[in-house]
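Each chain is listed here by its residues.
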Amino acid sequence: MRYGHSVETVRRAEAALMARVPEGALMQRAAAGLAGAGTDLLGRVYGARVAVLVGSGANGGDALYAAARLLRRGAAATAVLLNPERAYAEGLAAFRSAGGRVAAADGGARAVARADLVLDGVTGIGGKGGLRPEAADLALAARDGRGAVLAVDLPSGVDADTGEVHGPAVHADATVTFGTYKPALLVDPAAEFAGALRLVDIGLDGDLGAPELEALQHADAAALLPRPSGESDKYRRGVVGVAAGSERYPGAAVLAVSGALRGGAGAVRYAGPGGPAVLARHPETLVSAGSPRAAGRVQAWVVGPGLGDTSQARTAVDDALAADVPILVDADGLRLLTPEAVRRRTAATVLTPHAGEAAALLGWAREDVEGRRLHAVRELAARFGATVLLKGSTTLVADPDPGRPVRVNATGTAWLATAGSGDVLSGLTGSLLAAGLAARDAASLGAYLHGLSARLTPHPLTALDLADSLPAAWHNVSA
Ligand SMILES: NC(=O)C1=CN([C@@H]2O[C@H](COP(=O)(O)OP(=O)(O)OC[C@H]3O[C@@H](n4cnc5c(N)ncnc54)[C@H](OP(=O)(O)O)[C@@H]3O)[C@@H](O)[C@H]2O)[C@@H](O)CC1
Ligand SMILES: Nc1ncnc2c1ncn2[C@@H]1O[C@H](COP(=O)(O)OP(=O)(O)O)[C@@H](O)[C@H]1O
Ligand SMILES: [K+]
């Protein structure tokens, strides 16, 4: 598992560790990691030009010490001090004694424009609000300059805990972060500013408390994959019901079923008007034309993709909500439910909105959901008392228990932004529910396999291609 911790947790761990190690040791560990990453970006340090953006906190101190290391290896470095009286004094002294220059008050942008490498040490976990104007100007100069931009701990200007970005921020090619990931490095829009991530171990692990965020890694996904055993038969493996598609949108039924068939359940029952289209593509499906209540027993229902808003659609949603098995509600299904109906349920409910659907459920503007994804997904989970998978450039899974870390999916790719790929995800995740996974595991494993499958599919991909690559994603995870 990869973890993201809040600023408060990091500060507490840092204080506990600092009490046990010599003064300055953590900053030296940070600076060594940073100089290593800078070296990798530069390729050749000797003769390279480095610009160092220095705010008035320890983030600037890290950058100055790292630049001192690069100076000793033959680089030329210029520091741009945002607040000359308050730059990290010991770091500045080390930088100067290694031969570093300080830019004149108006020479910062020029130093940045000419640099091969820009070290962004304006703000780290101490940053508050959007960048101030002078810092914002330097962030823009770094973006427009020719050199690589390496952010120290976080790209300056992003909100460490929420992943929100208010105004200009440094757009980094890479970020070196210390001790643990911060939520902003894993959640858009901030994560977009961070570039490639490198975690430097500064010895914080033992002192870190509970994380805010966690991201499945291959081994975690492998451990969750349902596998048939000697005692398995198709019913014991779990049967997933799919109530999706309509006369108008029969394709959604086909796509949801194609995901469901590759999710580990032993059988897929389809209930609704899309039966002929489903059978034409997937003859192994158990098809009935009526509502979920009239279909046979299942261990989980998927309801919503392409349902429309007819009375038949409403009945399908009501039936699924009334079933005493885990359900996943997506797309049109989300428009047809109320928080009360979801809260009344005793079995698990997974809601899978994209930003527009989440906005409608919350009564927010879509941009607010996209700008405040962590807040939105937590708020939805709390209001509905359900597990919520919020789709988009970052996929997040929040549990109704607010004490549990939000899961963030690291496998996604923008190639997933293709019509019908969400239907495949619904079927897949519902199938994992039917196979017996807990709601947050099913949702986060579903997102993991879905993203991985997109990476294994030649581009540009279609939703059906994506479903066809799911077995390869399973194999990739379990190999
Ligand atoms: N955790 C650890 O274990 C370790 C942490 N380490 C490092 O320490 C960093 C945290 O250092 P920190 O606490 O000194 O705060 P930091 O991020 O430098 O920024 C604060 C300064 O920025 C300013 N400022 C604020 N907002 C601003 C804005 N919008 N626009 C412009 N300026 C703004 C604000 O200035 P002021 O408001 O006071 O004028 C304040 O002085 C951490 O990220 C990591 O790099 C490592 O050394 C290794 C061990
Ligand atoms: N920019 C992006 N980066 C990564 N994944 C994306 C991006 N845009 C969309 N996705 C993913 O693509 C899928 C789209 O689902 P959805 O919005 O329900 O589309 P549809 O209704 O057409 O099936 C989701 O899994 C979502 O997370
Ligand atoms: K920074």
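Just so it is clear, the model here is predicted, and its values are computed rather than measured.

Procedures and definitions
Residues numbered from 1 in each chain as written. Chains lettered and ligands numbered in written order. Predicted model: local features only at pLDDT ≥ 70, side-chain atom pairs only at ≥ 80, totals over all residues. Helix = DSSP H or I, 4+ residues; strand = E, 2+ residues; numbered from the N terminus. Rg over C-alpha atoms; globule rule 2.2 N^0.38 Å. Contact = placed C-beta atoms within 7 Å. Near = placed C-beta within 6 Å. Nonpolar A, V, L, I, M, F, W, Y, C, P; charged D, E, K, R; others polar. Axes fitted to C-alpha atoms, helices over the stretch in contact; angles between N-to-C directions. Parallel < 35°, antiparallel > 145°, perpendicular 65-115°, else oblique. Left-handed = near helix turned anticlockwise from the far one by under 90°. Domains from an automatic or database assignment. Core = buried A, V, L, I, M, F, W, Y, C linked by C-beta atoms within 7 Å. Buried ≥ 20, exposed ≤ 12 C-beta atoms within 10 Å, placed from the backbone. UniProt positions renumbered as here; feature names shortened; annotations may be inferred. Expected span 1.5 Å × (residues − 1). Pairing = 2+ DSSP bridges.

A. Structural detail: the overall build of the chain. Along its length, the chain carries 20 helices and 18 strands. Scaling as 2.2 N^0.38, a compact globule of 479 residues should have a C-alpha radius of gyration of about 23 Å, and the chain matches this with 25 Å. For the chain, the C-alpha atoms occupy an extent of roughly 80 × 45 × 40 Å along the three principal directions. Contacts in the chain between residues at least 24 apart in sequence constitute 71% of all its contacts with a sequence separation of at least 6.

B. Up close: the site of ligand 2. Near ligand 2 you find 18 residues, and of these His 354, Lys 391, Leu 416, Ala 417 and Gly 422 are the closest. At four residues, helix 17 (residues 421-434) tops the list of elements feeding residues into the shell around ligand 2. Looking at the shell around ligand 2 residue by residue, the class counts come to six nonpolar, ten polar and two charged.

C. Region of interest: the packing of helix 17 against helix 18 (residues 439-456). The contact between helix 17 and helix 18 brings their axes to 8 Å, and the two run at 135 degrees. Judged by the angle between their axes, helix 17 and helix 18 are oblique. Both helix 17 and helix 18 take part in a crossing whose hand is right-handed. Contacts between helix 17 and helix 18 involve Val 424, Leu 425, Leu 428, Thr 429, Leu 432 and Leu 433 on the former and, on the latter, Ala 439, Ala 442, Ala 443, Leu 445, Gly 446, Ala 447, Leu 449 and His 450. Residues belonging to the contact of helix 17 with helix 18 are distributed by class as follows: eleven nonpolar, three polar and no charged.

D. View of the domain arrangement of the chain. Assigned domains of the chain: these are domain 1 (2-215) and domain 2 (218-478). The distance between the C-alpha centroids of domain 1 and domain 2 comes to 40 Å. The leading source of residues in the side of domain 1 that touches domain 2 is strand 9 (residues 213-215), at three residues.

E. Just the nonpolar core, in detail. Counting residues in hydrophobic clusters, the biggest one holds 166 residues, and the most contacted among them are Val 50, Val 52, Leu 64, Ala 67 and Leu 119. Sequence-distant contacts of Leu 64, defined by excluding residues within four places in its chain, comprise Val 52, Val 54, Ala 79, Tyr 88, Gly 91, Leu 92, Ala 94 and Phe 95.

F. Quick look at unusual backbone geometry. The omega torsion across Asp 188 and Pro 189 is 5 degrees, close enough to zero to call that bond cis. Mapped onto the elements, Pro 189 comes out in the loop between helix 7 (183-186) and strand 8 (196-200). Here Asp 153, not a glycine, exhibits a phi torsion of approximately 70 degrees, which is positive. Relative to the assigned elements, Asp 153 resides in the loop between strand 6 (148-152) and strand 7 (174-178). For Asp 153, a count of 28 C-beta atoms within 10 Å corresponds to the buried category. The backbone of Ala 331 shows a phi angle near 50 degrees, a positive value even though the residue is not glycine. One can find Ala 331 in the loop between strand 14 (327-329) and helix 12 (332-335).

G. Layout of the site of ligand 1. Ligand 1 sits among 30 residues. The nearest are Gly 57, Ala 58, Asn 59, Gly 124 and Gly 126. Listed by contribution, the elements that provide at least two residues to the shell around ligand 1 are helix 1 (7-18), helix 2 (25-42) and helix 3 (58-72). By residue number, the principal contributor to the shell around ligand 1 is helix 3, which donates four residues. For the shell around ligand 1, a count of residues per class yields 13 nonpolar, twelve polar and five charged.

H. Structural detail: the UniProt feature "binding site: AMP" (unreviewed entry) in the chain. The residues that UniProt annotates with the feature "binding site: AMP" (unreviewed entry) are Lys 391, Gly 392, Ser 393, Thr 394, Thr 395 and Gly 422. For the residues just named, distributed over 32 residues, the greatest C-alpha separation is only 13.7 Å, placing them together at one site. Within the element layout of this structure, Ser 393 appears in the loop between strand 16 (387-390) and strand 17 (396-398). Taking the C-beta count within 10 Å as the criterion, Ser 393 has 17 such neighbours and is therefore assigned partly exposed. Within the secondary structure layout, Gly 422 lies in helix 17.

I. Expanded view of the environment of Tyr 270. In this structure, Tyr 270 sits in strand 11 (residues 267-271). On a C-alpha basis, the gap between Tyr 270 and Leu 53 in space is 59 Å, while along the polypeptide they are 217 residues apart. Beyond its immediate sequence surroundings of up to four residues, Tyr 270 is in contact with Val 242, Ala 253, Val 257, Gly 275, Val 278, Thr 285, Leu 286 and Val 287.

J. Fine view of helix 2. Between its first and last C-alpha, helix 2 extends 26 Å over 18 residues, near the 26 Å set by a 1.5 Å rise per residue. In the segment just after helix 2, Gly 43 is the residue with positive phi, at about 80 degrees.

K. Representation of the sheet that holds strand 7. Read across the sheet, seven strands follow the order 4-3-2-5-6-7-8 without closing on themselves; strand pairing throughout is parallel. In this open sheet, the two edge strands, each paired with only one partner strand, are strand 4 (101-102) and strand 8. The pairing of strand 3 (residues 76-81) with strand 4 spans two bridges and is parallel. Counterpart to Ala 79 in the pairing with strand 4 is Val 102.

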